[in-house]
Amino acid sequence: MAYSCARRGAAIACLGIGIIGGTWSAPALARVELGLPATQAQVTIGCLYPMTGRAAIYGKDSVAGIKLALAELAAEADAPRLRVIVDDDRSKASYAVRMAEDFIAHDKARFLCGMVSSGVAQAVSKVALKNKVVMVGTDHASSRLTIEGLHPYYFRVSNDSYTSMAAGARYLAELQKKTGWKRLAYIGPDYDYGHVSWSDFQSNLEHLGVRYESVGMFWPKLYEPDYSAYIQAMLKAEPDIVVTSLWGGDFVAFLKQARTTDFFTRIRLANFDTGGNYEVMLSLGDKPPPGLILSARHHNNWPDTDTNRRFVETFRQAEGRFPTYAAEGAYSGIMAIARAVTKAGGATDMGAVITALEGLELHLPEDPDGFNSFIDPDTHQIVQTQAVGEVVANTAYPPAKVMLGKWTVYGAEDLRPLPELVRSRRAKAAGAVELIE
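Here the structure is a predicted model, which is why all the values come from computation and not from measurement.

**Student:** Which parts of the structure should I look at to understand the side chain of serine 117?
**Tutor:** Counting through the fold element by element, serine 117 comes out in the loop between β4 (111–114) and α4 (118–131). Overall, serine 117 belongs to the buried group, its relative accessible area being 10%. Polar contacts involving the side chain of serine 117 include one to the main-chain amide nitrogen of glycine 119, which spans 3.2 Å. Apart from the residues lying within four places of it in its own chain, the contact partners of serine 117 are His140 and Tyr191.

Shown next as structure tokens:
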């Protein structure tokens, strides 16, 4: 194994090697190179994340998660020799496409990874297909990527919109039996992720036989600065529950603005995909609004396992703070690529790697004891359990004063789309293409 820090018995030292260019406080970040130099690497991976703007924390935490994965691999004698390049996709599809093409042409990347925006991911997915390189999504969630838009080279290792909304629909079905809620509204960003999240939620409610009245759908633009008109419209519609797929800084901004009204005394708010992220917990202070129902793709305090505690604490020691879910997603992506290359006998032939990824099992920080995440061969989507919780006082993860608790946990098999639903959605998409042509 060529990682010298592992030979010294200090794998944690690998966390800091290979960073090139400016600091995180710089207005524009130079790209980051991690792992081995090109002359020593067996595999080059090009990762795209937002490093500036409202979503920059996801890029920063993804780099930290990648470093954790490389440190673990450095301590393994038979792990593949990896070079990982990370650069700022600026949350713009056209820019990300050019960056991905440069990774492939100039850096000889055989893998692409990352992406926070589903719109960016869909554009880069086409680059991966065209160039026959494997793309591993770590932080975007539109289920269209693994259902209608799936191709052999695309895989995802974080919860998608279908998984999260399947858990959310089950939670609200159970809540309806307790409270009798009837009126439902939805607010999500006006691009593919927001729209497919609502569609996934509706299809799961229908599958469960939940009867409700839809009293409004609201579509602010991504990175909307002012939600006041939407908040007033929802108050006027008088839903019992509002489900949202606003994420990151957008969700935090919505919460802050809604707290200036009587929104939370009249309506329960649920965010099943990203709402339980650590940055949200931090923003809530010590007096959170009542009635929040939240989940996320990784939680610092669930599951309470050795694997998750070690991941969170190692991140905290390295970065001086607690991680958002983006860190675990990026960590999972690098580990999936490494395990697939090893399973393929060290080959970087894409056919062998694809075969290795299909059905690949990984024990990840978000996995409860006794369960391993695995990649569904039919959709290339990782299959995982999910926990939905409520906000409770918890000072164990400072400076946050609250975390999620009162967990309701849903098994992985219950959250997978049924094969007939996958076939139906793919058939409809194929029919639409034929009509256009």
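**Student:** Sorry, what's going on with the side chain of aspartate 250 here?
**Tutor:** By the element assignment, aspartate 250 lies in helix α8 (residues 248–258). Reaching out from aspartate 250, the side chain makes a polar contact with the side chain of arginine 54 at a distance of 2.4 Å. Filtering out sequence-adjacent residues up to four positions away, aspartate 250 remains in contact with Arg54, Lys221, Leu222, Tyr223, Glu224 and Tyr227.

**Student:** Where do I start with the state of the cysteines in this structure?
**Tutor:** Cysteine pairs can be covalently joined through their sulfur atoms, and such a bond is termed a disulfide. By the definition in use, this model includes one disulfide. One disulfide bridge connects cysteine 47 with cysteine 113, the sulfur atoms lying 1.9 Å from each other. Disulfide cysteine 47 to cysteine 113: torsion about the S-S bond roughly 105 degrees, handedness right-handed. A residue pair is termed long-range when its members are at least 10 positions apart, and cysteine 47 in strand β2 (residues 43–49) and cysteine 113 in strand β4 qualify at 66 residues.

**Student:** Honestly, the pattern of salt bridges in this entry has me stumped. Any pointers?
**Tutor:** Should their charged atoms come close, side chains of opposite charge can pair. Per the stated rule, a full pass over the model turns up 23 salt bridges. The partner of arginine 144 in a salt bridge is aspartate 192, with the nearest N and O atoms 2.4 Å apart. Of the two residues, arginine 144 is situated in the loop between β5 (134–137) and β6 (154–156) and aspartate 192 in helix α6 (residues 192–208); the sequence distance between them amounts to 48 residues. Look at aspartate 192 and you get buried, because its relative accessible area is 18%. One salt bridge in this structure joins aspartate 200 and arginine 425, with 2.9 Å as the shortest N-O distance. With aspartate 200 in helix α6 and arginine 425 in helix α14 (residues 419–436), this pair connects stretches of sequence that are 225 residues apart. On the accessibility criterion, aspartate 200 (0% relative accessible area) is buried. What makes arginine 425 buried here is its relative accessible area of 14%. The structure contains a network of salt bridges with shared partners spanning Arg31, Glu33, Arg83 and Asp107.

**Student:** Help me understand the nonpolar core in this model?
**Tutor:** Generally speaking, nonpolar side chains in soluble globular proteins are found buried as a group. Counting residues in hydrophobic clusters, the biggest one holds 93 residues, and the most contacted among them are Ile45, Ile66, Val134, Phe254 and Phe263. The element best represented in this core is helix α12 (residues 325–343), accounting for 12 residues. Ignoring anything within four residues of it in the chain, the contact list for isoleucine 66 reads Leu34, Cys47, Tyr49, Val84, Val86, Ala330, Tyr331 and Ile334. With 24 residues, the next largest nonpolar core counts Ala169, Tyr171, Tyr186 and Trp198 among its residues.

**Student:** Explanation requested: the environment of methionine 281 in the structure shown.
**Tutor:** Tracing the backbone shows methionine 281 in helix α10 (residues 278–283). Here the alpha-carbon distance between methionine 281 and proline 303, two residues 22 residues apart in the chain, equals 17 Å. Apart from the residues within four sequence positions on either side, methionine 281 is in contact with Gly275, Gly276, Leu294, Ala400, Val402, Met403 and Leu404.

**Student:** How should unusual backbone geometry be read in this particular structure?
**Tutor:** Only a minority of non-glycine residues have a phi that is not negative, and only a minority of peptide bonds are not trans. Cis geometry marks the peptide bond from tryptophan 302 to proline 303; its omega dihedral reads -5 degrees. Inspection of the secondary structure puts proline 303 in the loop between β11 (293–294) and α11 (306–319). Residue proline 399 is reached from proline 398 by a cis peptide bond, and omega for that bond is 10 degrees. Topologically, proline 399 is positioned in the loop between β15 (386–393) and β16 (402–410). At histidine 380, a residue that is not glycine, the phi angle is positive and equals roughly 65 degrees.

Definitions and cut-offs
Residues numbered from 1 in each chain as written. Predicted model: local features only at pLDDT ≥ 70, side-chain atom pairs only at ≥ 80, totals over all residues. Heavy atoms only, no water. Helix = DSSP H or I, 4+ residues; strand = E, 2+ residues; numbered from the N terminus. Buried < 20%, exposed > 50% of the residue type's maximum accessible area, 1.4 Å probe, protein only. Polar contact = N/O pair within 3.5 Å; in protein donor to acceptor, adjacent residues only side chain to side chain. Contact = heavy atoms within 4.5 Å. Disulfide = S-S within 2.5 Å. Salt bridge = Lys/Arg side-chain N within 4 Å of Asp/Glu carboxyl O. Core = buried A, V, L, I, M, F, W, Y, C linked by side-chain atoms within 4.5 Å.

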